[in-house]
Number of protein chains: 2
Amino acid sequence: MNCGIAVFPTKEVQDFANSYRKRFDPHYSLINPHLTIRDKEDWTDEQLAAAVNHLEIVAASFSPFTLHFNRFTSLYPSTNTIIIGLEDRKSLDQLHDAVCSESLCIEDSMKHLYHPYLAIGQQMSNDELHDVLASLSKIPVNYTSEIDRIHLLYQTENGAWTTYQTFKFKG
Amino acid sequence: MNCGIAVFPTKEVQDFANSYRKRFDPHYSLINPHLTIRDKEDWTDEQLAAAVNHLEIVAASFSPFTLHFNRFTSLYPSTNTIIIGLEDRKSLDQLHDAVCSESLCIEDSMKHLYHPYLAIGQQMSNDELHDVLASLSKIPVNYTSEIDRIHLLYQTENGAWTTYQTFKFKG
């Protein structure tokens, strides 16, 4: 079963992101706006159970933190993805490092540089990306989101995601 | 914020239901297949916090149970909804009664007979409902789902649902 780990910003930020995702993100109907903490991976039931145990331990010692979204930007040229950028990603990097350890350690062959982001446009052509970004970059962005829990999710065959369990930070 | 409470059957049942919902359910892209425990209601942050406390208490004493889905049927003539029927709804009725108590007690004016179901077709015309059901009722259905948690969800402006918190049964 494909499983993944993410955090969700407040409803206000999700609504703001969705107003753009509706037009620019083919994943719009599969999951609400989120920031991926660990990419999807096919897990057995045993791996899922081990992940639950691990996430309970991580969440027990992690403290809630605030994200500040402050601009539209992109991941170009790595991928043609438009995102809502963060002022400071340190807490998400720390969360990623804590989550992707022990039983959820990522194999060296699968490792890539972690980059936390809230996508609002994906799979765009170069021209579309640059045109849309030129327009969006003039729009002021100033949202904060308190992040106080992690979501462990699994994917159904249609590509949509269901939350398996939430883990509230108690640190 | 619109909040609601539901349980999700296993991925296998969700995949089976989605193969029909894709054609017959306008809510297909807004939420994965589920059984509503408490209908959506607009809550303040204080009501949400009270609901979390109440659901923690309910889940602490509720025991996991098994649902057996055994046929296609409908809610006609109440509504033109096709559902996957349950062999025995007693556990869901008990869960509904436990959830919809204390701070989540439903006002008399809003009360209606609770009927737990897994919808696969909604908002159909009479003719469509009867045609589709005549065809589906010949298909054997035999799925079980272990239900061991409740999902508290909120709705974003686009109508989609995000899980706020899961509550695992510990009874």
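Residues numbered from 1 in each chain as written. Chains lettered and ligands numbered in written order. Predicted model: local features only at pLDDT ≥ 70, side-chain atom pairs only at ≥ 80, totals over all residues. Heavy atoms only, no water.

(A) Molecular detail of the sheet that holds strand E4 (residues 82-86) of chain A. Residues and elements named next belong to chain A. Reading across the sheet, the four strands line up as E5-E4-E3-E6 and stay open at both edges, with antiparallel pairing between neighbours. Each edge of the open sheet carries a strand with a single partner, namely strand E5 (118-121) and strand E6 (143-147). Each strand axis lies, on average, 40 degrees off the axis of its neighbour in the sheet, ignoring direction. Looking at chain direction, strand E3 (residues 65-74) and E6 are connected through five bridges and run antiparallel. Within E6, the residue paired with His 68 across the bridge is Thr 144. (Pairing = 2+ DSSP bridges. Helix = DSSP H or I, 4+ residues; strand = E, 2+ residues; numbered from the N terminus. Axes fitted to C-alpha atoms, helices over the stretch in contact; angles between N-to-C directions.)

(B) Quick peek at the relation of the copies chain A and chain B. When chain A is fitted onto chain B, the two copies agree to an RMSD of 0.0 Å after a turn of 180 degrees and an axial shift of 0.0 Å. Expressed as an axis order, the relation between the two copies is that of a two-fold axis. Mapped onto chain B, 100% of the interface residues of chain A again fall at the interface, so both copies present the same surface. (Least-squares fit on C-alpha atoms with pLDDT ≥ 70 in both. Contact = heavy atoms within 4.5 Å.)

(C) Seen up close, the packing of aromatic side chains. Residues and elements named next belong to chain A. Tallying each qualifying case throughout the model produces 16 aromatic pairs over all chains. Relative to Phe 72, the ring of Tyr 20 lies with its centre 5.0 Å away and its plane at 75 degrees, an arrangement referred to as edge-to-face. You can see Tyr 20 sitting in helix H1 (residues 11-24) and its partner Phe 72 sitting in strand E3, a full 52 residues away along the chain. For Tyr 20, a relative accessible area of 10% puts it in the buried group. (Phe/Tyr/Trp six-rings, centres within 6.5 Å; stacked < 30°, edge-to-face > 60°. Buried < 20%, exposed > 50% of the residue type's maximum accessible area, 1.4 Å probe, protein only.)

(D) Local environment of the pattern of salt bridges. By the definition in use, this model includes 12 salt bridges over all chains. Between Asp148(A) and Arg149(A) there is a salt bridge; the shortest N-O distance is 2.9 Å. Its relative accessible area of 7% is what places Arg149(A) among the buried residues. One salt-bridge network, held together by shared partners, links Lys11(A), Asp15(A) and Glu157(B). (Salt bridge = Lys/Arg side-chain N within 4 Å of Asp/Glu carboxyl O.)

(E) Spotlight on the interface of chain A and chain B. On the chain B side, the residues contacting the 25 residues of chain A number 25 residues. Summing the contributions of chain A and of chain B, the shared interface buries around 2,000 Å²; its carbon and sulfur component is 42%. For the interface between chain A and chain B, the tally reads two salt bridges. A salt bridge links Glu157(B) to Lys11(A), with the nearest nitrogen and oxygen atoms 2.5 Å apart. Remark: the boundary between chain A and chain B carries 22 residue pairs in polar contact (both at pLDDT 80 or more). Of all the elements in the fold, those that place two or more residues in the side of chain A that touches chain B are H1, strand E7 (149-155) and strand E8 (161-168) of chain A. If you tally residues by element for the side of chain A that touches chain B, the top one is E8(A), at seven residues. (Buried area = accessible area lost by both parts, 1.4 Å probe. Polar contact = N/O pair within 3.5 Å; in protein donor to acceptor, adjacent residues only side chain to side chain.)

(F) Fine view of the environment of Pro9(A). With respect to the secondary-structure elements, Pro9(A) resides in the loop between strand E1 (2-7) and H1. Taking relative accessible area as the criterion, Pro9(A) reaches 1% and is therefore assigned buried. Excluding anything up to four places from it in sequence, Pro9(A) contacts Gln14(A), Pro33(A), His34(A), Leu35(A), Phe69(A), Leu118(A), Ser145(A), Ile147(A) and Tyr154(B).

(G) Highlighting helix H2 (residues 45-61) of chain A. Residues and elements named next belong to chain A. Here H2 spans 25 Å end to end across 17 residues, near enough to the 24 Å set by a 1.5 Å rise per residue. Among all positions in H2, only Leu 48, Ala 51, Val 52, His 54, Leu 55, Val 58 and Ala 59 are buried. Residues of H2 that are buried make contact with E1, helix H3 (90-99), E7 and E8. (Expected span 1.5 Å × (residues − 1).)

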